[in-house]
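# Descriptive analysis of the structure
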Amino acid sequence: MDSQILEARIDFHGQSLMEKITKGSLVLITVVAFLAGFVTQSMQYTFAVFGGASAMLALVVLPPWPMYNSHPPTWLPAIVEPGLVVEKTGISK
Amino acid sequence: MHTLLSRVNNASAFMSSCMMTLLAAIAISSFFLGSQPTGEVGISPVKVFAAKGRRHYSGKQDAAFVNFNVTADLAPLFHWNTKQLFVSLEAEYTNMHGVQNTVVIWDKIIRRKQDAQLHIEGGKNKYAFREVSTSFKDVSPASYALKYNLMPYVGVLQYGEIARTSDDVPFPEAQAKVAS
(Lines give C-alpha, C1' and ligand atoms only; values in the text may rest on other atoms or scores of the structure.)
Protein backbone atom coordinates (compact mmCIF):
# COMPACT_ATOMS: atom_id res chain seq x y z
CA MET A 1 0.00 0.00 0.00
CA ASP A 2 2.84 2.36 0.86
CA SER A 3 4.60 1.76 -2.44
CA GLN A 4 1.34 2.48 -4.30
CA ILE A 5 1.10 5.94 -2.72
CA LEU A 6 4.69 6.69 -3.69
CA GLU A 7 4.11 5.40 -7.22
CA ALA A 8 1.23 7.87 -7.56
CA ARG A 9 -0.39 6.05 -10.48
CA ILE A 10 -2.66 7.86 -12.93
CA ASP A 11 -4.94 6.42 -15.62
CA PHE A 12 -4.42 6.36 -19.42
CA HIS A 13 -6.32 9.60 -20.09
CA GLY A 14 -4.36 11.24 -17.31
CA GLN A 15 -1.06 10.18 -18.87
CA SER A 16 -2.00 11.64 -22.23
CA LEU A 17 -3.25 14.86 -20.61
CA MET A 18 -0.10 15.20 -18.49
CA GLU A 19 2.14 14.82 -21.54
CA LYS A 20 0.20 17.43 -23.53
CA ILE A 21 0.31 19.92 -20.63
CA THR A 22 4.05 19.35 -20.04
CA LYS A 23 5.14 19.75 -23.68
CA GLY A 24 2.89 22.73 -24.41
CA SER A 25 3.78 24.60 -21.23
CA LEU A 26 7.53 24.03 -21.49
CA VAL A 27 7.63 25.35 -25.07
CA LEU A 28 5.64 28.38 -23.95
CA ILE A 29 7.85 28.87 -20.87
CA THR A 30 10.99 28.76 -23.03
CA VAL A 31 9.68 31.40 -25.43
CA VAL A 32 8.47 33.66 -22.61
CA ALA A 33 11.75 33.27 -20.69
CA PHE A 34 13.76 34.24 -23.77
CA LEU A 35 11.60 37.28 -24.47
CA ALA A 36 11.63 38.39 -20.80
CA GLY A 37 15.42 38.35 -20.74
CA PHE A 38 15.77 39.89 -24.19
CA VAL A 39 13.48 42.80 -23.43
CA THR A 40 15.07 43.56 -20.05
CA GLN A 41 18.56 42.70 -21.40
CA SER A 42 19.19 40.62 -18.31
CA MET A 43 19.86 36.89 -18.29
CA GLN A 44 18.77 36.73 -14.64
CA TYR A 45 15.17 37.32 -15.74
CA THR A 46 15.42 34.56 -18.32
CA PHE A 47 16.45 31.92 -15.81
CA ALA A 48 14.21 33.21 -13.03
CA VAL A 49 11.22 32.86 -15.36
CA PHE A 50 12.37 29.50 -16.69
CA GLY A 51 13.15 28.04 -13.27
CA GLY A 52 10.11 29.46 -11.49
CA ALA A 53 7.65 28.46 -14.18
CA SER A 54 9.17 24.97 -14.45
CA ALA A 55 8.82 24.47 -10.69
CA MET A 56 5.16 25.50 -10.87
CA LEU A 57 4.62 23.17 -13.81
CA ALA A 58 6.11 20.31 -11.80
CA LEU A 59 3.50 20.92 -9.11
CA VAL A 60 0.76 20.72 -11.73
CA VAL A 61 1.86 17.60 -13.60
CA LEU A 62 3.71 15.40 -11.11
CA PRO A 63 1.25 14.67 -8.26
CA PRO A 64 -1.67 12.32 -9.09
CA TRP A 65 -4.34 15.04 -9.06
CA PRO A 66 -7.95 13.78 -9.41
CA MET A 67 -8.18 15.15 -12.98
CA TYR A 68 -5.55 12.59 -14.02
CA ASN A 69 -7.59 9.77 -12.49
CA SER A 70 -11.09 10.62 -13.75
CA HIS A 71 -11.20 7.92 -16.47
CA PRO A 72 -10.43 4.63 -14.73
CA PRO A 73 -10.20 1.84 -17.32
CA THR A 74 -12.98 -0.72 -17.32
CA TRP A 75 -11.47 -4.14 -17.87
CA LEU A 76 -13.34 -7.06 -19.37
CA PRO A 77 -14.37 -9.64 -16.85
CA ALA A 78 -11.91 -12.49 -16.45
CA ILE A 79 -12.77 -15.60 -18.44
CA VAL A 80 -12.42 -18.69 -16.35
CA GLU A 81 -11.94 -21.68 -18.62
CA PRO A 82 -12.75 -25.03 -17.12
CA GLY A 83 -9.65 -27.14 -16.64
CA LEU A 84 -7.25 -24.16 -16.82
CA VAL A 85 -4.75 -24.33 -14.03
CA VAL A 86 -3.70 -20.94 -12.77
CA GLU A 87 -0.37 -21.09 -11.11
CA LYS A 88 -0.09 -19.37 -7.83
CA THR A 89 2.30 -16.46 -7.82
CA GLY A 90 3.47 -14.20 -5.08
CA ILE A 91 1.16 -11.44 -6.26
CA SER A 92 -2.13 -11.33 -4.46
CA LYS A 93 -5.06 -8.96 -4.69
CA MET B 1 4.04 8.11 -17.35
CA HIS B 2 1.80 6.03 -15.10
CA THR B 3 4.00 6.43 -12.02
CA LEU B 4 5.53 9.48 -10.36
CA LEU B 5 9.08 8.51 -11.28
CA SER B 6 8.30 8.08 -14.97
CA ARG B 7 6.54 11.46 -15.00
CA VAL B 8 9.58 13.10 -13.39
CA ASN B 9 11.76 11.46 -16.02
CA ASN B 10 9.54 12.54 -18.90
CA ALA B 11 9.11 16.14 -17.74
CA SER B 12 12.78 16.72 -16.84
CA ALA B 13 14.00 15.22 -20.13
CA PHE B 14 11.87 17.63 -22.13
CA MET B 15 12.84 20.48 -19.79
CA SER B 16 16.53 19.91 -20.48
CA SER B 17 15.85 19.96 -24.23
CA CYS B 18 14.07 23.30 -23.76
CA MET B 19 17.00 24.61 -21.70
CA MET B 20 19.46 23.69 -24.48
CA THR B 21 17.26 25.43 -27.04
CA LEU B 22 17.07 28.50 -24.80
CA LEU B 23 20.87 28.61 -24.42
CA ALA B 24 21.35 28.20 -28.17
CA ALA B 25 18.89 31.04 -28.79
CA ILE B 26 20.78 33.27 -26.35
CA ALA B 27 24.10 32.45 -28.04
CA ILE B 28 22.67 33.22 -31.49
CA SER B 29 21.00 36.43 -30.27
CA SER B 30 24.36 37.92 -29.31
CA PHE B 31 25.37 38.03 -33.00
CA PHE B 32 22.61 40.54 -33.60
CA LEU B 33 23.21 42.64 -30.48
CA GLY B 34 25.93 45.15 -29.74
CA SER B 35 27.37 47.63 -32.18
CA GLN B 36 30.81 48.84 -33.17
CA PRO B 37 32.44 50.78 -30.30
CA THR B 38 34.19 54.07 -31.00
CA GLY B 39 37.53 55.26 -29.75
CA GLU B 40 40.82 56.94 -30.42
CA VAL B 41 44.43 56.00 -29.81
CA GLY B 42 47.22 58.54 -29.60
CA ILE B 43 50.89 57.63 -29.20
CA SER B 44 53.60 60.03 -28.04
CA PRO B 45 57.05 59.64 -29.62
CA VAL B 46 58.42 56.26 -28.52
CA LYS B 47 61.67 56.00 -26.58
CA VAL B 48 64.08 53.09 -26.99
CA PHE B 49 66.79 52.23 -24.49
CA ALA B 50 69.59 49.70 -24.77
CA ALA B 51 68.93 47.47 -21.80
CA LYS B 52 70.26 44.28 -20.36
CA GLY B 53 68.66 41.35 -22.07
CA ARG B 54 66.41 39.02 -20.19
CA ARG B 55 66.54 36.08 -22.53
CA HIS B 56 69.97 37.00 -23.86
CA TYR B 57 71.50 37.18 -20.46
CA SER B 58 75.02 38.09 -21.50
CA GLY B 59 73.95 40.47 -24.21
CA LYS B 60 71.73 43.48 -24.63
CA GLN B 61 68.14 43.74 -25.67
CA ASP B 62 66.40 46.99 -26.51
CA ALA B 63 63.42 48.05 -24.44
CA ALA B 64 60.85 50.43 -25.88
CA PHE B 65 58.77 52.79 -23.76
CA VAL B 66 55.44 53.95 -25.07
CA ASN B 67 53.24 56.72 -23.73
CA PHE B 68 49.70 56.67 -25.01
CA ASN B 69 46.32 58.30 -24.75
CA VAL B 70 43.26 56.15 -25.14
CA THR B 71 39.68 57.35 -25.32
CA ALA B 72 36.99 54.80 -26.01
CA ASP B 73 33.30 54.21 -25.43
CA LEU B 74 32.77 50.47 -25.07
CA ALA B 75 29.17 50.65 -23.79
CA PRO B 76 27.79 49.48 -27.20
CA LEU B 77 29.42 46.10 -26.59
CA PHE B 78 27.47 45.46 -23.39
CA HIS B 79 24.29 43.42 -23.84
CA TRP B 80 22.61 40.61 -21.89
CA ASN B 81 25.16 38.03 -23.00
CA THR B 82 28.29 40.09 -22.23
CA LYS B 83 30.22 38.71 -19.29
CA GLN B 84 33.33 40.85 -19.63
CA LEU B 85 35.53 42.62 -22.14
CA PHE B 86 39.24 42.20 -22.58
CA VAL B 87 40.73 45.33 -24.13
CA SER B 88 44.30 45.44 -25.31
CA LEU B 89 46.64 47.91 -26.98
CA GLU B 90 48.80 46.13 -29.52
CA ALA B 91 51.84 47.30 -31.47
CA GLU B 92 52.14 45.85 -34.96
CA TYR B 93 55.39 46.13 -36.89
CA THR B 94 57.78 44.21 -39.11
CA ASN B 95 61.19 43.55 -37.61
CA MET B 96 64.58 43.60 -39.38
CA HIS B 97 64.17 39.97 -40.43
CA GLY B 98 60.86 40.71 -42.13
CA VAL B 99 58.80 38.99 -39.43
CA GLN B 100 55.45 40.56 -38.60
CA ASN B 101 55.14 41.01 -34.86
CA THR B 102 52.12 41.90 -32.75
CA VAL B 103 52.98 42.81 -29.18
CA VAL B 104 50.44 43.47 -26.45
CA ILE B 105 51.78 46.44 -24.49
CA TRP B 106 48.76 47.22 -22.34
CA ASP B 107 45.47 45.58 -21.44
CA LYS B 108 42.44 45.96 -19.26
CA ILE B 109 39.48 43.81 -18.24
CA ILE B 110 36.12 45.58 -18.10
CA ARG B 111 33.37 43.79 -16.20
CA ARG B 112 30.58 46.34 -15.95
CA LYS B 113 28.85 48.72 -18.31
CA GLN B 114 29.48 51.55 -15.82
CA ASP B 115 33.22 51.09 -16.40
CA ALA B 116 32.93 51.04 -20.18
CA GLN B 117 34.22 54.59 -20.73
CA LEU B 118 37.97 54.60 -21.15
CA HIS B 119 39.85 57.87 -20.62
CA ILE B 120 43.54 57.21 -20.26
CA GLU B 121 46.04 60.02 -20.61
CA GLY B 122 49.75 59.45 -20.42
CA GLY B 123 49.36 55.71 -20.07
CA LYS B 124 52.55 53.66 -20.02
CA ASN B 125 53.13 50.23 -21.44
CA LYS B 126 52.15 47.65 -18.82
CA TYR B 127 54.28 44.87 -20.24
CA ALA B 128 57.95 45.03 -21.26
CA PHE B 129 58.10 45.99 -24.91
CA ARG B 130 61.17 44.22 -26.26
CA GLU B 131 62.02 42.98 -29.71
CA VAL B 132 62.77 39.24 -29.74
CA SER B 133 65.69 39.73 -32.14
CA THR B 134 67.16 42.08 -29.46
CA SER B 135 67.10 45.33 -31.44
CA PHE B 136 64.55 47.83 -32.74
CA LYS B 137 67.08 48.93 -35.37
CA ASP B 138 65.70 48.83 -38.94
CA VAL B 139 62.26 48.04 -37.62
CA SER B 140 59.31 49.39 -39.58
CA PRO B 141 57.25 52.13 -37.93
CA ALA B 142 54.63 50.51 -35.74
CA SER B 143 50.89 50.79 -35.99
CA TYR B 144 49.10 50.75 -32.63
CA ALA B 145 45.66 49.24 -32.41
CA LEU B 146 43.13 49.06 -29.58
CA LYS B 147 41.35 45.72 -29.78
CA TYR B 148 38.59 44.04 -27.82
CA ASN B 149 37.69 40.48 -27.02
CA LEU B 150 34.10 40.01 -25.88
CA MET B 151 33.58 37.08 -23.52
CA PRO B 152 29.92 35.99 -23.39
CA TYR B 153 28.06 33.98 -20.77
CA VAL B 154 26.92 31.56 -23.47
CA GLY B 155 28.33 31.23 -26.96
CA VAL B 156 31.47 32.13 -28.84
CA LEU B 157 34.15 34.73 -28.20
CA GLN B 158 33.95 37.77 -30.43
CA TYR B 159 36.94 39.83 -31.48
CA GLY B 160 37.20 43.27 -32.96
CA GLU B 161 39.18 46.45 -33.35
CA ILE B 162 38.12 49.67 -31.66
CA ALA B 163 40.67 52.14 -32.98
CA ARG B 164 44.03 52.37 -34.70
CA THR B 165 46.67 55.08 -35.00
CA SER B 166 46.25 57.00 -38.25
CA ASP B 167 50.00 57.40 -38.81
CA ASP B 168 52.57 54.74 -38.02
CA VAL B 169 54.94 55.63 -35.18
CA PRO B 170 58.67 55.10 -35.90
CA PHE B 171 61.14 53.65 -33.40
CA PRO B 172 64.08 56.01 -32.70
CA GLU B 173 67.71 55.06 -32.28
CA ALA B 174 68.39 53.28 -29.02
CA GLN B 175 69.71 55.57 -26.26
CA ALA B 176 72.23 54.39 -23.72
CA LYS B 177 70.31 53.55 -20.58
CA VAL B 178 70.52 56.12 -17.88
CA ALA B 179 71.73 54.72 -14.59
CA SER B 180 68.72 53.75 -12.51
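Small disclaimer: the values here were computed from a predicted structure and weren't measured.

## A few points about the sheet that holds strand β8 (residues 129-130) of chain B
- Taken together, four strands build an open sheet; the order of strands is β8-β3-β2-β11 (chain B) and the sheet is mixed. Two strands lie at the open edges of the sheet, namely β8 and β11 (175-176) of chain B, each paired on one side alone.

## A short note on the confidence of the model for chain B
- With 95% of its residues at a pLDDT of 70 or more, chain B has an overall mean of 90.
- Interface confidence in the predicted complex, given as ipTM, is 0.79; pTM for the same model is 0.78.

## Focus on the packing of aromatic side chains
All names here are of chain B.
- Within the structure shown, the criterion is met by 11 aromatic pairs over all chains.
- Note on Y93 and F171: the rings are 5.5 Å apart at their centroids and 70° apart in plane angle, and the pair reads as edge-to-face. A residue pair is termed long-range when its members are at least 10 positions apart, and Y93 in strand β5 (residues 82-94) and F171 in the loop between β10 (158-164) and β11 qualify at 78 residues. Exposure class is identical for Y93 and F171. Each is buried.

## Observations regarding the UniProt feature "transmembrane region" (unreviewed entry) in chain A
Residue and element names in this part refer to chain A.
- The positions UniProt marks with the feature "transmembrane region" (unreviewed entry) are residues 21-39 and 45-62.
- Overall, residues 21-39 shows 100% helix and 0% strand. The separation of its end C-alpha atoms is 27 Å.
- The distance separating the terminal C-alpha atoms of residues 45-62 is 25 Å; by composition the span is 94% helix and 0% strand.

## Digging into unusual backbone geometry
All names here are of chain B.
- Backbone geometry places T134, a non-glycine residue, at a positive phi of 70°.
- Looking at the element boundaries, T134 is found in the loop between β8 and β9 (143-152).
- Exposure remark for T134: the relative accessible area of 22% places this residue in the partly exposed category.
- If you check the backbone angles, D138 has positive phi at about 60° while not being a glycine.
- Assignment of secondary structure puts D138 in the loop between β8 and β9.
- Here D138 falls in the exposed class, since its relative accessible area comes to 61%.

## A closer look at the environment of G123 of chain B
All names here are of chain B.
- Tracing the backbone through its elements, the reader meets G123 in strand β7 (residues 117-124).
- For G123, a relative accessible area of 10% gives the class buried.
- Not counting residues up to four positions away in its chain, the partners in contact with G123 are V66, N67 and F68.

## Some details on the sheet that holds β9 of chain B
Residue and element names in this part refer to chain B.
- One open sheet accounts for four strands, arranged β6-β5-β9-β10; its pairing is antiparallel. Of all the strands in the sheet, the pair left with one neighbour each is β6 (100-110) and β10. When the angles between neighbouring strand axes are averaged without regard to direction, this sheet yields 25°.

## Concerning helix α3 (residues 43-61) of chain A
- In this model, α3 of chain A (19 residues) spans 27 Å end to end at C-alpha, consistent with the 27 Å of a helix rising 1.5 Å per residue.
- Taken together, the buried positions of α3 of chain A are M43, T46, F50, S54, L57 and V61 of chain A. Across the axial projection of α3 of chain A, the buried residues extend over an arc of 70°, all falling on one side. Residues of α3 of chain A that are exposed and point more than 90 degrees away from the buried face comprise Q44, A48, M56 and L59 of chain A.
- Those residues of α3 of chain A that are buried lie in contact with α2 (12-40) of chain A together with α1 (4-29) of chain B.
- The opening residue of α3 of chain A is S42 of chain A, an N-cap whose side-chain oxygen sits 3.3 Å from the backbone nitrogen of Q44 of chain A.

Cut-off values and rules
For every chain, the first residue of the written sequence is number 1, and numbering continues from 1 onward in sequence order. Going through the entries in the order they are written, you letter the chains from A and number the ligands from 1. Only residues with pLDDT of at least 70 are given local features in this predicted model, and only at 80 or more are side-chain atom pairs given and counted; all residues enter the totals for whole chains, interfaces and linings. Based on all heavy atoms of the structure, the side-chain values leave hydrogens and waters out of the count. At least two bridges found by DSSP between two strands are what make those strands a pair. Helix numbering and strand numbering both begin at the N terminus, where a helix is a DSSP run of H or I of at least 4 residues and a strand a DSSP run of E of at least 2. Confidence scores per residue from the predictor, reported as pLDDT, run from 0 to 100. Here is the rule: rings of Phe, Tyr and Trp (six-membered ring for Trp) pair when centre to centre is within 6.5 Å. Planes less than 30 degrees apart are stacked, more than 60 are edge-to-face, and the remainder are tilted. Only protein chains enter the area calculation, which uses a 1.4 Å probe; residues under 20% of their type maximum are buried, those over 50% are exposed, and those in between are partly exposed. UniProt positions are given in the numbering used here, feature names are shortened, and annotations may be inferred rather than shown by experiment. Contacts between residues were defined by any pair of non-hydrogen atoms, one from each residue, lying within 4.5 Å. Every axis corresponds to a line fitted to the C-alpha atoms, with the helix fit spanning only the stretch in contact, and the corresponding angles, defined between N-to-C directions, vary from 0 to 180 degrees. The length a helix should cover is 1.5 Å for every residue beyond the first. Read the arc as the range of directions from the helix axis to the C-beta atoms. Side-chain atoms alone can form a polar contact between residues adjacent in sequence; in general such a contact is a pair of N or O atoms within 3.5 Å, and within protein one must be able to donate a hydrogen while the other accepts it.

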